[in-house]
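Next come the chains, spelled out residue by residue.
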Amino acid sequence: MLDLNRLRRDFDALKQRLEGRADPALLDEFVRADERRRAAVAEIEELKRQVNEISAQVARAKKAGEDAGDAIAKSKEIGQRAKALEEDVKSADDAQHDLATRIPNVPHESVPAGKDESANIETRRWGSPKEYSFVPQAHWDIGPRLGILDFERAAKITGSRFAVYMGAGAKLERALINFFLDVHTSEHGYTEVLPPFVANSNALMGTGQLPKFADDLFKLEGTDYWLIPTAEVPLTNLYADETLEGELPVKLTAYTPCFRSEAGSYGRDVRGIIRQHQFQKVELVKFAHPETSYEELESLTADAEDILQRLGLPYRKMTLSSGDMGFSAAKTYDLEVWLPGLGEYKEISSCSNFEDFQARRAKIRFRDNSGPKPKARLVHTLNGSGLAVGRTWVAILENYQQADGGVEIPVALRTYLNAERITPEGALV
RNA sequence: GGAGGAAUGGCCGAGUGGUUUAAGGCGGCGGUCUUGAAAACCGUUGUUGGGGAAACUCAACCGGGGGUUCGAAUCCCUCUUCCUCCGCCA
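Thresholds, definitions, all that
- Residues numbered from 1 in each chain as written.
- Chains lettered and ligands numbered in written order.
- Predicted model: local features only at pLDDT ≥ 70, side-chain atom pairs only at ≥ 80, totals over all residues.
- Heavy atoms only, no water.
- Helix = DSSP H or I, 4+ residues; strand = E, 2+ residues; numbered from the N terminus.
- Buried < 20%, exposed > 50% of the residue type's maximum accessible area, 1.4 Å probe, protein only.
- Contact = heavy atoms within 4.5 Å.
- Areas by Shrake-Rupley, 256 points an atom, 1.4 Å probe, with all protein chains shown as cover.
- Lys, Arg positive; Asp, Glu negative; His and termini not counted.
- Charge placed at Lys NZ, Arg CZ, Asp CG, Glu CD.
- Salt bridge = Lys/Arg side-chain N within 4 Å of Asp/Glu carboxyl O.
- Pairing = 2+ DSSP bridges.
- Expected span 1.5 Å × (residues − 1).

Asks: Describe the overall build of chain A, naming the residues involved and giving the relevant values.
Replies: From N to C terminus, chain A includes 13 helices and 17 strands. Once the C-alpha set of chain A is aligned to its principal axes, its extents read approximately 100 × 45 × 40 Å. The buried share of chain A, taken over its 429 residues, is 50%. Sequence-distant contacts in chain A: of pairs separated by 6 or more residues, those separated by 24 or more amount to 72%. Approximately 20800 Å² of chain A is accessible, and the part contributed by carbon and sulfur atoms is 48%. The centroid of the 56 positive side-chain charges in chain A is displaced by 2 Å from the centroid of its 67 negative side-chain charges.

Structure below.
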């Protein structure tokens, strides 16, 4: 949710920066709804003040044993006028709140303007794709051939866009989760959290998935519960309606499965496990001081990059354009890993600073003691994948495939798997 | 699933319809005293929104929502969470 005062003050400038992200009519409507609401609120508060005053008079009169019939009648009459006005306030309030939740965040000034991914900027490239003496295969060929990935049986259990990992495949997934969590907790200073994998509507409002993107989520029938599309939801909402008293930043990490309906992505990434209804992810979340949140975004992105580098996976870092960023983000870096089987770079992590956009919705504050008086201010929230486990699994199979059909295990993972490679028969040795 | 009980400021806790304009305590902050500190004493201390250059002022907030009333922390309805007990259960 945008800061209303900022919107009032800088209306034209913000409108320009939201070009391509928000319908300009929506912004006009928003400011008008706000004016209507403020006028109605001012009027009703004045009536309430009068009622309060008369009530005090009545109390005094009753105490003195006097008759207060006139005052009561007058207060009743004012009360009725206030009641009529209350409808106006409520409808203006609803309209304004409804609009507020549909306006996306304003891009940071360093974000390239553009209407889609074609305007994204490559900011860094790390490692270089290996040369292969054979034609590298895609993971959807390697995995089933090794007997460690099974789509047909997953379809029996659930349906399309689900996968079963078997044997070395399942163990590799688990090793990656442990490796990610160990690095982030022991070396990058994050606190591990194991949150619920189910969240309510209010939490999803807080992080911005609702109300606009309900179609992308799985809802549990007959309840107000949804399967989480990312650990960002439970982690960011962990401190909803709270004022953080300790030092900033607060850094959290969690492993969770993620569930996405992928409505509207029919025909995209249909092969393999690039785009699934369920995938595993280790998420990084920070609650940061507004003055340092962009430095925190750099270090959070570096924490995710560190994993890719330790695994020796070539990647590039993209700065997303204003049109390609998500609804709540002010700035986003995507990390894209090289997949030789597919012959392209594919997103494996998305790291964003939401500034106070989520904090305003979820009411997450911190105590700012820098001024003459301590004051509760909204924190800046950030998150990023550190990393998407399934896509890392894919990257390892494709980057480390061998001429004999087996897969080498990256050195950093060997102690986790107690093995150096997966044989062409799918065994860990 | 059943039966009871509870939810008040950063924390503890009083408050069953009208100077509650939320007592009192703890903690925090400032001060007096002291070489310094402690103790003692005095003062101060919530959030959100409106108006104002400011001093200040008005409104709302006692788990959430709704209602009764001239007036609600207090009465009624409803939801949520926690506690105790019973049942079931990994």
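Asks: Got a sec to walk through the pattern of salt bridges? Specific residues and values, please.
Replies: Evaluation of the coordinates by the stated rule reveals 24 salt bridges. Note that Arg37 is salt-bridged to Asp34, the shortest N-O span being 3.4 Å. In this pair, Arg37 and Asp34 are both assigned in helix 3 (residues 24–63), three residues apart and thus about one turn of the helix distant. Linking Lys317 and Glu298 is a salt bridge whose minimum nitrogen-to-oxygen distance equals 3.5 Å. With a gap of 19 residues between them, Lys317 in strand 10 (residues 315–319) and Glu298 in helix 10 (residues 293–310) connect regions that are remote in the sequence. Assessed through its relative accessible area of 5%, Lys317 is described here as buried. Because the salt bridges share partners, they merge into one network encompassing Glu122, Arg125, Arg316 and Glu336.

Asks: Can you break down the environment of Ala403 residue by residue, with the values?
Replies: Looking at the element boundaries, Ala403 is found in the loop between helix 12 (389–399) and strand 16 (407–408). Residue class for Ala403 comes out exposed when judged on its relative accessible area of 64%. Here the alpha-carbon distance between Ala403 and Ser328, two residues 75 residues apart in the chain, equals 45 Å.

Asks: Could you give me a rundown of the pairing of strand 12 (residues 344–353), with the residues and numbers involved?
Replies: In terms of residue burial, strand 12 counts as a mostly covered element, since seven of its 10 residues are buried. For strand 11 (residues 331–339) and strand 12, the ladder comprises nine bridges, and the chain directions are antiparallel. When the sheet's bridge partners are listed, Trp338 is paired in strand 12 with Tyr345. Two successive antiparallel strands, strand 11 and strand 12, enclose a turn made up of four residues, where Gly343 displays a positive phi of approximately 70 degrees.

Asks: Which residues make up helix 10, and what values go with them?
Replies: The terminal C-alpha atoms of helix 10, which comprises 18 residues, lie 26 Å apart, in line with the 26 Å expected from a rise of 1.5 Å per residue. For helix 10, the set of buried residues is Ser293, Tyr294, Glu296, Leu297, Leu300, Thr301, Asp303, Ala304, Glu305, Asp306, Ile307 and Leu308. Just downstream of helix 10, Gly312 is the residue with a positive phi angle, here 65 degrees.

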